Structures are given as structure tokens and as C-alpha cells.
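# Remarks on the overall topology
Residues per chain are reported as follows:
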Protein chains: 2
Amino acid sequence: MRVTLKDIAEKSGYSITTVSRALGGFDDVNEGTRKRIVTIADDMGYQPNLIARQLRDRRTNTIGIIAPMNIESAEDDFFNILIKGIAHTASLHRYDLLISAQLPSHDEMDAYRRIAGGNRVDGLIVARTYRDDPRIAYLSSNNIPFVVSGRSAPGETSDFHYIDVDSQTGLRLAVEHFVDYGHQHIGLILPPAHLAFTAYRLKGYQDGLDGAGLPFREEYVTYGDLHRESGQQQAEALIQAHPELTAIIACNDLMALGAMRGVRNCGLRVGEDIAICGFDDIPAAQHVTPTLTTIYQPIFEIGEGLTTRLLNVISQEAPIEKGILLDPQLVIRESSGKKRV
Amino acid sequence: MRVTLKDIAEKSGYSITTVSRALGGFDDVNEGTRKRIVTIADDMGYQPNLIARQLRDRRTNTIGIIAPMNIESAEDDFFNILIKGIAHTASLHRYDLLISAQLPSHDEMDAYRRIAGGNRVDGLIVARTYRDDPRIAYLSSNNIPFVVSGRSAPGETSDFHYIDVDSQTGLRLAVEHFVDYGHQHIGLILPPAHLAFTAYRLKGYQDGLDGAGLPFREEYVTYGDLHRESGQQQAEALIQAHPELTAIIACNDLMALGAMRGVRNCGLRVGEDIAICGFDDIPAAQHVTPTLTTIYQPIFEIGEGLTTRLLNVISQEAPIEKGILLDPQLVIRESSGKKRV
DNA sequence: TTGTATGCGTTATCAA
DNA sequence: TTGATAACGCATACAA
């Protein structure tokens, strides 16, 4: 059986209280008894029951994240790296990370109610905001500490702590870059419409076209699901329907990688026939052939920042400014091809 | 404040016990009162305090894993995918996953004592066994449920539940494949020596050479740290020191990907001048150019299997046969180049 | 059908 | 310097 304070108390002849305080290092316990108790505790291999402590303290030293964890998401390096940043930083502050896998078949809000409402964590990190996000509404109205990767959709208020990249500007930069390289017909593969950042990226795309005096054509815009496969499918569909396209921007690197394959499947060359740009700058972007032009965002550091921010919120020392909007950075690589004259 | 059974009891006029049983769906409570209580609970937004429940039930419905989670490990798709498999399967059984990041600066055993000894989880998954693994010794001697990805080093007993791939055979297959393709001088990049599977892979390499009547040359064998960088460095070092090498086997795909770059840095072509083989078959293996020959192991499924196994152990229904040894599978791709005559 | 009492393991308050 | 007691929130054995 597991060793408890009671066991040590019995063995040592002291009360549970004294044992607790001796082990807790309080100075109101006699040095001799402290030593005796500590020795016995070590001998018995005592480990405090963290659950009991959590109940008593009403705090878990754990932060939570509810995330897609199926096999399709295995390649989703944005999430993989974000989680590493979170877990790493949490660990530095002696916090653990509770991960609840979000199965497509399960109601996501149930998970939030269970984990957050059930006191399993001191706070949560919400990733990939939705338009009119019910998770945020729930956490806000229940005063559960949380921080968000991403902000609300345009037009909604973002009255919570978040870190986001200004992806509207990011997309504009990508379009400007392609225009500068001589492209007139630029396709766009968006994330699912219910995600908040999708609207920003679409706006950035339009901004870029506007600035260049190019027309916005709805038929050049398509939606993927952020995974590799859909990038390929959408790219192939775009190319087949609109042979005049010479460039495609995919709204995350994974879809961009898929798009590269789609380009090849159409018998075209990436960079030379069709330029490709992604978003995120996951490691694969610089290792793929040809290397992938993309919008960089510091994913690991965002995970770090979200975590320190969340710990601040938990300990009620949250800074006044709630949102942090990072500048995106265009990283030009081989998939841009050469400037056309 | 947070709603408890007590609050509902007061509001409804029933006792805590009755409330508890009404909400628990027991049939020894009057249908009318049940309805009344449920309504009030819903109105008040009641969520059971899971921590209290865990303390009371002495069970957490959580499994744990202690894993490296720094930025260097971000690309470590073996772990990324394994964790997805674990979290996914856990979720299917209504279990959550507690991740504790293992910082290089922290004592790993402390984490095990804290998490496992501290009752935070019902069981643990141990990944990447060490030679003479203290984690396994600790968990075994404390009767804490656990399962292991990987088995003990050769010569040690593996008296615990594990799933492993027969990587000795895997390496032998890789060598035989390269020999068949006409290679006589095959370099090897091993994982760190303290990992248990390193010895198996080295033995498989030797088996392959023996079977082909080729001499084992210690100078063809080098050690990496499983990351991309070290694959590159070790490959470059091997090639420079031994220009007669025409093939290199790296013991995981990430190092193999690094090795591919190393080959190029030496002015050579992957596949044509130097054949490369990896181990794991992470997604990148089939997406890199040229595609990577490797030893396949079903990582996600291993995560699934480990988890169901662990849940069996936790509920005391563990099968008799403790270990599962999977057959490795050689996947030949472009990095093998063409058969030489 | 409902309520009382007890315990899970810990820590803090207060009295001795 | 030490110990008895209570509380965290829940669920059960047992009594009514």
C-alpha cells in the first residue's frame, strides 16, 4: 500500500500534524524530531498524495489544453510545437500539462466543462479560435483563467488574453511578394471558414490585390481543412479550373506542402510554373525540396508566451494589455521561383 | 464561487447524499426529486469536482507520460505521433493524459516519483527504455501500473508489459537490402549508447554484415542524438573519414534526414553516390526528396496498443504474455538509389 | 426513498 | 514544540 502521513505518524509516534509540518520544513518543529520523521519518511518511501493536496489547496498546478489528437493531426506541427512550448514553459514553473484529446465524435464543450468546470486544471489554453467561440464564452462567464492562441474574428471583441500573429498583414505581404515577382493570377487556399483567422487571411489577400490594382476573383479562393491532403486536392482543383494561375498561397504550411505535390501531379513545376507560399514556417518548410516560401510565426515562443501569460492570469498578476499581436515575417525561399519579367 | 453538492442540497432542501445519488442516476431516488434536483443542478451550472472524486475513489482516470518537450524535440515525430496515439486512445476510454515535460536540467526520477508516487495518474507510459532503466525499476518495485515502448537491453530481463519493434531484425534487413544493392561499405549512425534499443540495432547491423560475409568495422559506426543536426554531422564525419562508404543507415528518420543533407554538403548525391536508410517511417520520410528508405514501425498504433494495454493493467485484466514484439518492415524508396552491378 | 456518518490525505487554525 | 480538530468535495455503508 501507499504510504501516508498517518503511516509515518504511527511509526514515529508523532501526530499527523507534526509529521506534516516536519516534512513541510516548518521551523516550529524540534530539530531532532524533524530528523527522525524525515528519516522514517524516506525509509518508507513517502510521497505526498498530490490529489489530496490539490483538493485541500484548491489548486492543481496544472494547465490544460483540449486538442485534436487523432492520426490525421499527427503532422500538424503547429500544434505539436505549440504544445512543446507550453509543456516546456509549464515545467519551468513546476506546472504539468493535462491534455484532453478532442475526438471529432465528442462534444468539445463537454470536455471544457468537465476539465475546467471540474477543477482539474488551474487554467486553460485555447488554440485556434472559432468565429463566435463558445469555449471563450464559457470560460469567460465562469471566470476560469485562460489564454488564447489567436484572437476573435473581425468585428468581434477580443476581451481576453491572447497572442496572435497579424495574419492579415501576413497574407498581404505574401500577395505583394508574388505581385512583385510578376504574378497576376494568385490562388488562395483558406482554412475552414469557422476558424477566426480565416477571415483575417482572406482580408489580407484582398488587401494585397487591392494595393496592386488586381481584381479579386472569388473563383480563385478555396477552402481546405489545414491538412496536407486537402492542400493537394484544392491546389489540383484550382489549377485545373484556372490554368492561368501562376501562384498559390496556402494558409498553412501543411496545406502548402500538399499543394506542392498537387502542382507536380498536374505536371507542373513548383517555383517555375507555379509559385507556392505557406504560413507558419514549420521545420519542414526549410527542409522540403524546393524549400517553401512562407509566413513565419514563432510557434514555440507563442506557446511559451501563452503559458507565462496564463500563469500570470492564474496568480492574478495579469498585465493590463490583454492582447499581443505579433508582426508576421515573410520568408522567401525556393518555392517562389524567380522573378518574372 | 463554484457550485458544489452542498449548494444544491441547500437550494433543493434535500441532503447532500440524495443530491449525489440523484445526479449519479441511482434508481433508489424518487423520480420527482431526481428531476427537481437535476433541474436545480443544471440551473446552477453544477460540475462535479473531479479532484474530490479522485481523492475519494483513489483513481484519476488519467494516464501519464514524462517526455522531453524542449524546442529541440519539436521535430521528434516519433514522440509526437506516439503521444497522439496515446491521447487518442485514452480519450476513447474517457481517460485524460497528463504530460510532464522532462527538462534536461531536472532529475527525471524526481518527476516519476512526484507524478506516479503522488497519485496523479493511474498509470504511466514509459518510452525509450534505457539500459538498466531506473524508471522501470522504480515503477515495478512500487507496483505502479505502467507499460513500455521498447524493451530492456539485450541480456536484461523484460519482465513488464511492453511493445517493441524487433529492430535487430530491422537493421539486418536494411543491411541485407544495401548489400543486395551492391554496397560493401555501409556506415551506421546509432542512437545514444544509453538507450536500450541501440544495442539491438547495432547487433542487427552486425548480423547483416556477417550474413553477407562482410567485415564489421568499428570505424564505420558512430553515435548521434536522434536529432536532425547530429545526423548531418555524423554523416559528414563518416563520409570525410571514409570516402569508400556508399551507404549510411541512420537509426531514426530524423537523423537520416539530417544525413541526407550531410551527403549533399559533401558534394554528393543521395541515392546515387550514397544510399541512405532511416528508421521509423515518419511522414516526412515519404515526402522528402528523394524519398527515404526506412524501417517502418506503426507508431500511432503502438501508442494505441500501449494505452489499451496500460488500461488493462490498471484494471487488473492484463494478458499473460507481457511483451509484444512487432515485425519490422523495410520500405524501399528513392534514397536507396538503383541497384549497382 | 431519504438522511447520517465516515473517510479519502492533506494542511491550517487554534489550543495545550 | 506538539496535537486535536476541521475542512476541501465527493460517494458510500448503513440506519431510519
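The sections below set out a description of the structure shown in this document. Just so you know, these numbers come straight off a predicted model, no measurement behind them. (Residues numbered from 1 in each chain as written. Chains lettered and ligands numbered in written order. Predicted model: local features only at pLDDT ≥ 70, side-chain atom pairs only at ≥ 80, totals over all residues. Heavy atoms only, no water.)

### Some details on the overall build of chain A
- Helices and strands together make up the secondary structure of chain A, namely 13 helices and twelve strands.
- The globule rule puts the C-alpha radius of gyration for 341 residues at 20 Å, and the 26 Å found for chain A is more than 25% above it.
- When the backbone C-alpha atoms are referred to their principal axes, chain A occupies close to 90 × 40 × 35 Å.
- Across the 341 residues that make up chain A, the buried fraction comes to 57%.
- Considering only intrachain contacts with a sequence separation of at least 6, the fraction spanning at least 24 residues in chain A is 70%.
- Across chain A, 34 positive and 44 negative side-chain charges occur, with their mean positions spaced 6 Å apart. (Helix = DSSP H or I, 4+ residues; strand = E, 2+ residues; numbered from the N terminus. Rg over C-alpha atoms; globule rule 2.2 N^0.38 Å. Buried < 20%, exposed > 50% of the residue type's maximum accessible area, 1.4 Å probe, protein only. Contact = heavy atoms within 4.5 Å. Lys, Arg positive; Asp, Glu negative; His and termini not counted. Charge placed at Lys NZ, Arg CZ, Asp CG, Glu CD.)

### Section: the side chain of T222 of chain A
- Along the chain, the position of T222 of chain A falls in strand 7 (residues 221–223).
- Here T222 of chain A is in contact with L188, I189, L190, Q234 and L238 of chain A, once residues within four sequence places are set aside.

### Regarding the protein's contact with DNA strand D
- Looking at DNA strand D, there are 24 residues lining it, with T18 of chain A together with L5, Y46, R53 and R56 of chain B nearest.
- Of all DNA strand D atoms lying within 4 Å of any protein atom, the proportion belonging to sugar or phosphate reaches 62%.
- Between T17 of chain A and DNA strand D, the recorded distance is 2.9 Å, taken from a side-chain N or O atom to a base nitrogen.
- In the model, a base nitrogen of DNA strand D is placed 3.3 Å from a nitrogen or oxygen of the A52 of chain B main chain.
- Across the surface near DNA strand D, the residue classes break down as eight nonpolar, ten polar and six charged. (Near = heavy atom within 4 Å. Polar contact = N/O pair within 3.5 Å; in protein donor to acceptor, adjacent residues only side chain to side chain. Nonpolar A, V, L, I, M, F, W, Y, C, P; charged D, E, K, R; others polar.)

### Remarks on the sheet that holds strand 4 (residues 146–149) of chain A
- The strand order across the open sheet formed by twelve strands is 11(A)-5(A)-4(A)-3(A)-1(A)-2(A)-2(B)-1(B)-3(B)-4(B)-5(B)-11(B), and the pairing between neighbours is mixed. A single partner strand is all that each edge strand has here, and the edge strands are strand 11 (323–326) of chain A together with strand 11 (323–326) of chain B. On average, adjacent strands in this sheet sit at an angle of 20° to one another, irrespective of strand direction.
- One ladder, built from four bridges, connects strand 5 (residues 162–165) of chain A with strand 11 of chain A; its direction is parallel. Paired with Y162 of chain A across the strands is G323 of chain A, a residue of strand 11 of chain A. (Pairing = 2+ DSSP bridges. Axes fitted to C-alpha atoms, helices over the stretch in contact; angles between N-to-C directions.)

### Notes on the interface of chain B and chain A
- Facing the 55 residues of chain B at the interface are 55 residues of chain A.
- Buried surface at the junction of chain B and chain A, summed over both partners, amounts to about 4,900 Å²; 55% is from carbon and sulfur atoms.
- Counting the surface chain B buries against chain A, the share from its top three residues, I51, K84 and R120 of chain B, is 14%.
- In this structure, the connection of chain B to chain A is made through four salt bridges.
- Between R120 of chain B and D96 of chain A there is a salt bridge, with its nearest N and O atoms 3.4 Å apart. (Buried area = accessible area lost by both parts, 1.4 Å probe. Salt bridge = Lys/Arg side-chain N within 4 Å of Asp/Glu carboxyl O.)

### Section: the sheet that holds strand 7 of chain A
Residues and elements named next belong to chain A.
- Strand order in this open sheet of six strands is 7-6-8-9-10-12, and the pairing throughout is mixed. Each having just a single partner strand, strand 7 and strand 12 (329–331) make up the two edges of the open sheet. The mean inter-strand angle of the sheet, taken between neighbouring strand axes irrespective of direction, is 20°.
- Two strands pair when backbone bridges link them, and strand 8 (residues 247–250) and strand 9 (residues 275–280) are joined in this way by three bridges, in the parallel orientation.

### A short note on the pattern of salt bridges
- With the rule as written, the count across this model stands at 35 salt bridges over all chains.
- Across the pair D159 of chain A and K322 of chain A runs a salt bridge, and its minimum N-O distance is 3.4 Å. In this pair, D159 of chain A is assigned in the loop between strand 4 and strand 5 and K322 of chain A in the loop between helix 13 (299–314) and strand 11, connecting sequence segments 163 residues apart.
- With a shortest N-O distance of 3.3 Å, E321 of chain B and R309 of chain B are connected by a salt bridge. Of the two residues, E321 of chain B is situated in the loop between helix 13 (299–314) and strand 11 and R309 of chain B in helix 13; the sequence distance between them amounts to twelve residues.

### Observations concerning the relation of the copies chain B and chain A
- Superposition record for chain B on chain A: RMSD 0.1 Å, screw rotation 180°, translation along axis 0.0 Å. What the rotation and shift describe, once combined, is the action of a two-fold rotation axis. It is L98 of chain B whose C-alpha, among those of chain B, lies nearest the rotation axis, at 2.2 Å.
- Same-surface contact between copies: 100% of interface residues of chain B are shared with the interface of chain A. (Least-squares fit on C-alpha atoms with pLDDT ≥ 70 in both.)

### Here we look at the protein's contact with DNA strand C
- Taken together, 24 residues lie near DNA strand C, and L5, Y46 and R56 of chain A together with T17 and T18 of chain B sit nearest.
- Across the atoms of DNA strand C situated within 4 Å of the protein, the share located in sugar and phosphate is 65%.
- Between DNA strand C and R56 of chain B there is a distance of 3.4 Å, counted from a base nitrogen to a side-chain nitrogen or oxygen.
- When contributions to the surface near DNA strand C are tallied by element, the ones reaching two or more residues are helix 2 (16–24) and helix 4 (50–57) of chain A together with helix 2 (16–24) and helix 4 (50–57) of chain B.
- Partitioning the surface near DNA strand C into residue classes produces nine nonpolar, nine polar and six charged.

### Some thoughts on unusual backbone geometry
Residue and element names in this part refer to chain A.
- Note that the residue after T289, namely P290, is joined by a cis bond; omega there is -10°.
- Within the secondary structure layout, P290 lies in the loop between helix 12 (283–287) and strand 10 (293–296).
- The backbone of D280 sits at a positive phi, close to 125°, despite the residue not being glycine.
- Within the fold, D280 resides in strand 9.

### What about the nonpolar core?
- Counting 149 residues, the largest nonpolar core has I63, Y205 and I276 of chain A together with I63 and I276 of chain B as its most contacted members.
- Sequence-distant contacts of I276 of chain A, that is, excluding residues within four places in its chain, are made with F178, I248, A256, A259, M260, V263, V270, L292, T293, S335 and S336 of chain A.
- Ranked by size, the runner-up nonpolar core spans 36 residues in total, among them I66, I115, Y138 and Y162 of chain A. (Core = buried A, V, L, I, M, F, W, Y, C linked by side-chain atoms within 4.5 Å.)

Read these as layout, nothing more, since geometry by itself doesn't imply function.
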